[in-house]
Amino acid sequence: YLHEQTASTNFLWNKLCPADGSGRRTFELSMRPRLDKLGIFKANPDDLTASEIERFVRLDIDPDSITWKRVTDTNDRYLRGVSVGTSPSEVNKKTGESLGRESGFAITVASEIMAVLALATDLSDLRARLGRMIACTSRAGEPLTADDFGITGALTVLMMDALMPTTMQTLEGTPALVHCGPFANIAHGNSSVVADRLALKLVGPQGYVLTEAGFGSDMGGEKFFNIKCLYSKLRPSCAVLVCTVRALKLHSNEAPPVVPGAALAAEYREERLGLVAKGAANMLAHIQNVRKHGVQVVVAINRFHTDTDAEVETVARVAREGGAFDAVAADHFAKGGAGAVELGRAVMAACAATSPREFRHIYDAKAQGVKDKIETIVREVYGGAGAKYSPAAEARIARYEADPALRSLPICMSKTQYSLSDDPKALGAPSGFTVTVKDAYVSAGAGFIVVSLGTISFIPGLPVKPAYYKIDVDLSSGSPRVVGLS
């Protein structure tokens, strides 16, 4: 944007395609996608007309349309909104106009590049997805992508090694592939397609691969089924729904709120069968969400030492009656692998009792319109009645509906993880509500339309007492020892 505002077309042309010692110009390989997009199929830069040169070198960036944010892995709430380009050097020298603008930072995993990495199937697909990422639009409203900026090749080189998962293992030696981390409340919230495919190849046709979908069935689960499975073509045999007695008590709407850092109320530490039974409505909603996709559900009841046998059995009984294939107490936190043996057996039985061919998407991404897909998710997954739209959302969605390539993309809902609705205080299994769509934008590289149902922070802040208060170096023993990291 700075160069467009401060340089002539001839200057930009001579910088982008300078003549060598013999007077010959060449196009860089990274320039071909933009040339192809413009319909300029000439190999020799000297063959371009003045009009073609103008179109090639000038993106005509609309600064108010720039959505691409810088990223950092630092908790800093003051970076959520920043002014950039305020230096005296960032001005239009002819008019004196400042070229600064308002922007903001996001945490690294909130970048579209993380979602692209997670959904790419191979290096070629990674490059294509990176090239489709939209950073802004021209003043005429045309999307400007990484390909337009000529950075796709460099991005691919930067990310190509990251396409390979990190191989780790549990304390008991079980292999684990750790790869990618797009947030489920702002992106699709799943580990990578590459890791899943690699793991399936390693275990063979009779083996088992467990892959994570972040938060609940309304968040990472729904996006796993309707985004990740859409692109990977993989079909799950079973889903493990994790719950706790404590969480179900909270969802009863009759137990005191849980305050981070504060002692748990007696209701969470003592037997309260009524609270468990009432709060189980939330678990039942999640079970039905998974079943609607044709997938069997095994409920894993992560057990705390304060949970009573009667509470655990209540959860298991309600889960089975509500459509779960099985529900099993899991003590792996206390007992390691031995505490999850029964859970493993239940998962194996569920996989044997069903076929991946029964899997289905909750909506048809290509056939249904943008609003139709949004409202299908609201009704079928959240339990709501429908959606209302802000003027900004209406305008964006209208543009997406008019573009066949964008209209056919799946939907990635951005909402709170604390409720099935868009209201974080609406616990349990709310119904009949109307969600508010505040905005929408395209993650063209990742391949979905992000629909915002509320204000989601893209970078965390620090609490009053951050963890660094506990971290120090103990020098009392003579040999320095780091404390407070665990």
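Scroll up for the structure.
Now for a quick tour of the structure. Model, not experiment: these values are computed from the prediction.

This part takes up the side chain of H293. With respect to the secondary-structure elements, H293 resides in the loop between α13 (273-291) and β10 (296-302). Among the residues examined, H293 registers a relative accessible area of 1% and is labelled buried. Once you skip the residues sitting within four places of it in the chain, H293 turns out to touch F225, N226, E358, F359, R360, H361 and I362.

In this structure, the second largest pocket encloses a volume near 1,400 Å³. Forming the walls of the second largest pocket are 50 residues, and the residues nearest its centre are T67, I134, R396, Y441 and V442. Of the residues belonging to the lining of the second largest pocket, the class tally is 25 nonpolar, 14 polar and 11 charged.

With phi around 60°, F215 is a residue other than glycine that occupies positive phi space. Examined against the element boundaries, F215 turns out to sit in the loop between α9 (193-203) and α10 (217-232).

Turning our attention to the packing of helix α6 (residues 123-132) against helix α8 (residues 152-159). α8 packs onto α6 with a crossing angle of 135° between their chain directions and a minimal axis gap of 9 Å. The orientation of α6 with respect to α8, classified from their angle, is oblique. Between α6 and α8 the crossing geometry is right-handed. Contacts from L123, L126, R127, L130 and G131 of α6 reach α8 at T152, G153, L155, T156 and M159. Here the contact of α6 with α8 is built from residues that sort into 5 nonpolar, 4 polar and 1 charged.

Before going further, it helps to examine the sheet that holds β10. The 3 strands are arranged β9-β10-β11 in an open sheet whose pairing can be described as parallel. Each of the sheet's edge strands pairs with one partner strand only, and the pair in question is β9 (238-243) and β11 (326-330). Geometrically, the sheet is characterised by an average inter-axis angle of 25° between neighbouring strands, direction not taken into account. Pairing analysis gives 5 bridges linking β10 to β11, with the strands arranged parallel. From the neighbouring strand, V298 faces β11, where its bridge partner is D326. Helix α14 (residues 309-321) rests against β9, β10 and β11 of the sheet, and its axis sits at about 155° to β11. On the sheet, helix α16 (residues 341-352) packs against β9, β10 and β11 and is oriented at approximately 175° with respect to β10.

Here we take up the packing of helix α5 (residues 112-119) against α6. It is at 9 Å that the axes of α5 and α6 come closest, and there the two elements cross at 150°. Relative to α6, α5 is oriented roughly antiparallel. In terms of crossing hand, the pair formed by α5 and α6 is right-handed. In this structure, α5 uses I113, V116, L117 and L119 to contact α6, whose residues at the interface are D125, L126, R129 and L130. Of the residues assigned to the contact of α5 with α6, the class counts are 6 nonpolar, no polar and 2 charged.

Now for the packing of aromatic side chains. Across all of its chains, the model carries 6 aromatic pairs by this definition. Positioned above the aromatic ring of F304 is the side chain of R246, whose terminal nitrogen or guanidinium carbon lies 4.0 Å from the ring centre. Over the aromatic face of Y389 sits the side chain of K371, whose NZ or CZ is 4.4 Å from the ring centroid.

Attention now goes to the sheet that holds strand β15 (residues 439-443). If you trace the 3 strands from one edge of the open sheet to the other, you get β13-β16-β15, paired in mixed fashion. Strands at the two margins of the open sheet, each flanked by one partner only, are β13 (411-414) and β15. Taken over all neighbouring pairs, the strand axes of this sheet differ in orientation by 25° on average, direction set aside. The strands touched by α10 within the sheet are β13 and β16 (448-452), with β13 carrying the most contacts at an inclination of about 160°.

With 12 residues, α16 should reach 16 Å at 1.5 Å per residue; the first-to-last C-alpha distance of 17 Å fits that figure. The complete set of buried residues in α16 reads L343, A346, V347, A350 and C351. All buried residues of α16 project into a common sector of 135° when viewed along the axis, lining one side. Projecting away from the buried face of α16 at angles above 90 degrees are the exposed residues R345 and A352.

Here Y418 is to be found in the loop between β13 and β14 (434-437). Setting aside residues no more than four positions away along its own chain, Y418 makes contact with H251, P424 and L427.

We now examine α5. Most of α5 sits inside the fold, with 8 of its 8 residues counted as buried. Within the span of α5, buried status applies to E112, I113, M114, A115, V116, L117, A118 and L119. Contact partners of the buried residues in α5: α6, α8, α9, α10, β15 and β16.

A general tendency of soluble globular proteins is for nonpolar side chains to be buried together. Ranked by internal contacts, the top residues of the largest apolar core, which has 28 residues, are I374, I411, M413 and I449. Broken down by secondary-structure element, the contributors of at least two residues to this core are α17 (370-382), β12 (386-389), α18 (391-402), β13, β14, β15 and β16. The greatest single-element share of this core, amounting to 6 residues, is contributed by α17. For I374, the contacting residues outside a window of four places in its chain are A387, Y389, I397, I411, M413, V437 and V451. In terms of nonpolar packing, the next biggest core, distinct from the first, is built from 25 residues, F224, V297, V299 and I301 among them.

Cut-offs used in this document
Residues numbered from 1 in each chain as written. Predicted model: local features only at pLDDT ≥ 70, side-chain atom pairs only at ≥ 80, totals over all residues. Heavy atoms only, no water. Helix = DSSP H or I, 4+ residues; strand = E, 2+ residues; numbered from the N terminus. Buried < 20%, exposed > 50% of the residue type's maximum accessible area, 1.4 Å probe, protein only. Contact = heavy atoms within 4.5 Å. 1 Å grid on protein atoms, 1.4 Å probe; cavity = no way out; pocket = protein on both sides within 12 Å on 5 of 7 lines; lining within 4 Å. Points joined across faces, edges and corners; volume = space filled by probe spheres on them. Nonpolar A, V, L, I, M, F, W, Y, C, P; charged D, E, K, R; others polar. Axes fitted to C-alpha atoms, helices over the stretch in contact; angles between N-to-C directions. Parallel < 35°, antiparallel > 145°, perpendicular 65-115°, else oblique. Left-handed = near helix turned anticlockwise from the far one by under 90°. Pairing = 2+ DSSP bridges. Phe/Tyr/Trp six-rings, centres within 6.5 Å; stacked < 30°, edge-to-face > 60°. Lys NZ or Arg CZ within 6 Å of the ring centre and 35° of its normal. Expected span 1.5 Å × (residues − 1). Arc of directions from axis to C-beta. Core = buried A, V, L, I, M, F, W, Y, C linked by side-chain atoms within 4.5 Å.

Everything listed here is a matter of geometry and, on its own, says nothing about what the molecule does.
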